[in-house]
Amino acid sequence: MSKDKETPERTRERLRQEELKRNPTGNMNDAFNENLADLAGSLGWKGVSILILVILISFVLISIFFK
């Protein structure tokens, strides 16, 4: 295979990355409905860390109020 031709896997990944850049919130919604790996991929490391912080803070607040 020549260097100019992309494999189908690389083509799909390139198209997926372009879609993430064009429409990040739509992809985040799809990730919520499908699986956690797509959610983490669409949010990035900052978004995932914020999501983890929100979950931890809400867990602490709930445990304080319902003791």
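Quick notes on the rules
Residues numbered from 1 in each chain as written. Predicted model: local features only at pLDDT ≥ 70, side-chain atom pairs only at ≥ 80, totals over all residues. Heavy atoms only, no water. Helix = DSSP H or I, 4+ residues; strand = E, 2+ residues; numbered from the N terminus. Buried < 20%, exposed > 50% of the residue type's maximum accessible area, 1.4 Å probe, protein only. Areas by Shrake-Rupley, 256 points an atom, 1.4 Å probe, with all protein chains shown as cover. Salt bridge = Lys/Arg side-chain N within 4 Å of Asp/Glu carboxyl O. pLDDT = per-residue confidence, 0-100. Patch = residues over 30% accessible without salt bridge, like charges linked within 9 Å, V, L, I, M, F, W, Y side chains within 5 Å.

A. The overall build of the protein chain, seen in detail. Scanning the protein chain from terminus to terminus reveals three helices and zero strands. For the protein chain, the residues scored as buried account for 9% of the 67 residues in total. Surface exposure of the protein chain reaches about 6100 Å², of which carbon and sulfur atoms provide 64%.

B. How the structure looks around the pattern of salt bridges. If you walk through the whole model with that rule in mind, you get four salt bridges. Here the salt bridges share partners, and the residues they tie into one network are Glu6, Arg14 and Glu18.

C. Quick look at the confidence of the model for the protein chain. Looking at the protein chain, pLDDT values average 78 and 70% of them are 70 or higher. When pLDDT is averaged over each element of the protein chain, helix α3 (residues 36-65) comes out on top at 84 and helix α2 (residues 24-33) at the bottom at 62.

D. Region of the structure containing a nonpolar patch on the surface. Judged by side-chain polarity, Leu53, Ile57, Phe59, Val60, Leu61, Ile62, Ile64, Phe65 and Phe66 come together as a nonpolar surface patch covering roughly 1000 Å² of accessible area. Residue position: Phe66 is located in the segment after α3.

E. Representation of the environment of Leu20 within the structure. Within the fold, Leu20 resides in helix α1 (residues 8-22). Take Leu20: its relative accessible area is 16%, and that puts it in the buried class. Along the chain, Leu20 and Leu43 lie 23 residues apart, while their C-alpha atoms are 9.7 Å from each other.

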